[in-house]
Amino acid sequence: MNPILPGGVIGILGGGQLGRMSTFKAKQLGYKVVVLDPTPGCPCGQVVDEQIVASFDDELALRQLAEKCEVITYEFENVDSRAVELLEQLGRKVFPDSQALKISQNRWAEKEFLRRSGVGVADFFKVASLADLETAMQQIGFPGLLKTATGGYDGKGQVVLYNEDDARQAFATLNHPALIWEKKVTFVKELSVICGRNQAGEIVTYPAVENIHVENILDMSLAPAEAPAHVQAEAQHIARTIAEQLKLVGVCGVEMFLLPDETILVNEIAPRPHNSGHYTLEACLCSQFEQHIRAICGLPLGSTDLKGYAVMVNILGTGAGNRLAGLEQVLQNSQLAVHLYGKSSAAARRKMGHLTALSPHSLAEARGWALEARAKLKWV
Ligand code: AMP
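For clarity, every value in this text was computed on a predicted model and none was experimentally measured.

### Side note on empty space enclosed by the protein
Okay, so step 1: In the structure shown here, the tally under the stated rule is one cavity of 30 Å³ or more.
Okay, so step 2: Forming the boundary of the largest cavity are Ile12, Leu18, Gly19, Ser22, Thr73, Tyr74, Glu75, Pro273, His292 and Ile293.
Okay, so step 3: Of all the secondary-structure elements, those providing two or more residues to the lining of the largest cavity are α1 (17-28), β4 (71-74) and α10 (288-296).
Okay, so step 4: Per-element accounting of the lining of the largest cavity gives the leading share, three residues, to α1.

### Some details on helix α8 (residues 229-246)
Okay, so step 1: With 18 residues, α8 should cover 26 Å at 1.5 Å per step; its first-to-last C-alpha distance of 26 Å lies within 8% of that length.
Okay, so step 2: Buried within α8 we find Val231, Gln232, Ala235, Ile238, Ala239, Thr241, Ile242, Ala243 and Leu246.
Okay, so step 3: Buried residues along α8 sit against α4 (98-105), α5 (107-116), β10 (189-197), β11 (203-205), β14 (250-258) and β15 (264-270).
Okay, so step 4: Residue Lys247 follows α8 closely and has a positive phi angle near 50 degrees.

### Overview of the layout of surface pockets
Okay, so step 1: Volume-wise, the second largest pocket comes out at about 190 Å³.
Okay, so step 2: If you go around the second largest pocket, you meet 15 residues; those closest to its centre are Asn314, Ile315, Leu316, Thr318 and Arg374.
Okay, so step 3: At the level of elements, β13 (217-223), β16 (309-316) and β20 (378-379) are the ones that each hand at least two residues to the lining of the second largest pocket.
Okay, so step 4: A per-class count over the lining of the second largest pocket returns eight nonpolar, two polar and five charged.

### A short note on the domain arrangement of the chain
Okay, so step 1: Considered domain by domain, the chain is made up of domain 1 (9-94), domain 2 (123-183) and domain 3 (189-379).
Okay, so step 2: Centre-to-centre separation of domain 1 and domain 2, based on C-alpha positions: 35 Å.

### Observations concerning the sheet that holds strand β3 (residues 50-53)
Okay, so step 1: The five strands are arranged β3-β2-β1-β4-β5 in an open sheet whose pairing can be described as parallel. For this open sheet the edge positions go to β3 and β5 (93-94), each flanked by a neighbour on one side alone.

### What to know about the sheet that holds strand β8 (residues 158-161)
Hydrogen bonding along the main chain pairs the strands of a sheet, whether they run parallel or antiparallel.
Okay, so step 1: Strand order in this open sheet of four strands is β6-β9-β7-β8, and the pairing throughout is antiparallel. Strand pairing shows two members of the sheet lacking a second neighbour, β6 (124-127) and β8, which therefore form its edges. Taken pair by pair, the neighbouring strands of this sheet meet at an average axis angle of 20 degrees, ignoring direction.
Okay, so step 2: Contacts from α5 reach β6, β7 (144-148), β8 and β9 (179-183), with the element oriented near 150 degrees to β6.

Reading the values: rules and limits
Residues numbered from 1 in each chain as written. Predicted model: local features only at pLDDT ≥ 70, side-chain atom pairs only at ≥ 80, totals over all residues. Heavy atoms only, no water. 1 Å grid on protein atoms, 1.4 Å probe; cavity = no way out; pocket = protein on both sides within 12 Å on 5 of 7 lines; lining within 4 Å. Points joined across faces, edges and corners; volume = space filled by probe spheres on them. Helix = DSSP H or I, 4+ residues; strand = E, 2+ residues; numbered from the N terminus. Expected span 1.5 Å × (residues − 1). Buried < 20%, exposed > 50% of the residue type's maximum accessible area, 1.4 Å probe, protein only. Contact = heavy atoms within 4.5 Å. Nonpolar A, V, L, I, M, F, W, Y, C, P; charged D, E, K, R; others polar. Domains from an automatic or database assignment. Pairing = 2+ DSSP bridges. Axes fitted to C-alpha atoms, helices over the stretch in contact; angles between N-to-C directions.

Right, here's the structure in full:
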């Protein structure tokens, strides 16, 4: 395919921070951006050339988007796949395609895809009835996790199971027609790899990073993950395999568990820029956002080499206020970059921004700087 020439228009479904940061890079390369999102002035809406304010299932709005744009992408995977299919039927290229989106939206389809691709996953069993639940108890056993197959995020829609009572209670509470029982694995680290693939089949992988979650929300990513070289290589190989099997065009975040025996299991995939790849904005010549734009526009991919040790921490809302105090103290450290997403309400636990520390010396130094900086910030 011929590349989309600068001046061309990129469409984005979803107007959150991922769309916003992708837009900055699209504009750096000379593209125009139109976003479709129901909230006027959403983080991405603030920085695009045009926002179509409509819900994602508004057919008229989707047709408008298709008319205005040469290529369309999405920035969160809970956008209705029928919207993406409609855009495809209208003859628009959507990257990643509706197939990749559908796989990532449903934990059944995702786990089966991963298994088919020859990638390790925790043992799982599909649960659509009480009878399935009983079978899962026997076949997969405890400790387990019961997750809704669709719609869950940031730990919502999942329950840890230690015994049969837990299992039956979780089944009743989740009250969902499609569930998945997964073996709860013991891991030493959670890792992720961001992978990019373009239409020519060129693939790049960023280094595996270690992710630390607090109450199921990503709190910190450490790049590169402290792991032996062969573990790094294996994690990147897995991400590459997934990108090939998905026929991915764009970037994809692959979340993994590193087990005590160095086995790597894949937890889930997100066919879009990923929170654990935000550090690439400062730590790599070509960030995950630029990589995504290059890939969907048919351009060659960029360098994923690290410029130093990078630690990213998320800045969450607290509910105490919507203005952030302390930035002037944080920026006294010249090795820090702060990104705020322009959200008007800093509700408790809402992702409002992130900061990245880059150290030429060590992860420990970068981590110290990042934590010290975040502690100076306060919602007022
Ligand atoms: P998820 O919504 O699948 O990303 O899960 C949220 C978090 O729950 C993960 O980041 C892990 O910390 C934990 N988790 C999910 N699945 C498993 C599993 N099979 N075994 C152990 N921990 C898990």
